[in-house]
Amino acid sequence: MTKNSLVYVIPCSGIGKTLGTVGRKATYKLIEELRPQETRTTCLALLTVGDKAIVDKIRNVPCISIDGCPVRCAQKNIEASKGLLLKRFLVTDVLRKNRNLKPKGIIKLNPEGEKLAMLLAKEVAITVDNIIRDE
Ligand code: SF4
């Protein structure tokens with residue numbers, strides 16, 4: 001696999017927040033189920049502390065951020081690390097498009113939260129496909 005066939009998908013930490021959990025769950029669904037060959041993730045805190053190995057990586061591999069809320073911690077950390085950020089997702093945007101879903105839970109999401117996470121994961125998967133196709 002060349003480096004251009006890989007995309008880093010980095011969620012915010014979102015500790016203690018349902019929408020943060022939705023973003024992380026969406027990331028896991030993407031990298032474990034939907035696009036396991038094409039995607040990787042990393043711990044956002046490694047960017048925050050300036051870990052050289054991962055900072056070098058995200059400067060050379062396309063990145064997608066997934067943030068739980070408009071504070072956009074993942075996006076800001078990737079940008080501060082001069083990462084190759086090609087697309088930004090917000091859980092609140094997906095929630096707005098699916099107002100019938102009422103996600104709940106922090107450690108474990110309710111079924112509607114799981115559904116929202118899968119909807120988001122599918123949206124991100126399309127973006128991953130487009131990024132790889134364009135390269
Ligand atoms: S983007 Fe929002 S939910 Fe995510 S870590 Fe930052 S404040 Fe928490």
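Note that this is a predicted model, so its numbers are computed, not measured.

### So, the site of the ligand
Taken together, Cys12, Ser13, Gly14, Lys17, Leu19, Gly20, Asp67, Gly68, Cys69, Val71, Arg72 and Cys73 are the residues near the ligand. Considering only residue class, the shell around the ligand consists of five nonpolar, four polar and three charged.

### Some remarks on the sheet that holds strand S3 (residues 63-67)
Ordered by their spatial adjacency, four strands build an open sheet running S2-S1-S3-S4, and the pairing between neighbours is parallel. In the strand order of this sheet, the two ends are held by strand S2 (39-40) and strand S4 (85-90), each with one partner. Sheet topology note: the strand S1 (residues 7-11)/S3 ladder contains four bridges and is parallel. Considered in S3, the bridge of Pro11 is made with Ile66. Most of the contacts of helix H4 (residues 73-80) go to S3, to which it runs at about 145 degrees, and overall it touches S1, S3 and S4. Against the sheet, helix H6 (residues 111-134) engages S1, S2, S3 and S4, with an angle of about 170 degrees to S4.

The rules behind these values
Residues numbered from 1 in each chain as written. Predicted model: local features only at pLDDT ≥ 70, side-chain atom pairs only at ≥ 80, totals over all residues. Near = placed C-beta within 6 Å. Nonpolar A, V, L, I, M, F, W, Y, C, P; charged D, E, K, R; others polar. Pairing = 2+ DSSP bridges. Helix = DSSP H or I, 4+ residues; strand = E, 2+ residues; numbered from the N terminus. Contact = placed C-beta atoms within 7 Å. Axes fitted to C-alpha atoms, helices over the stretch in contact; angles between N-to-C directions.

These values are about where atoms sit, not about what they do.
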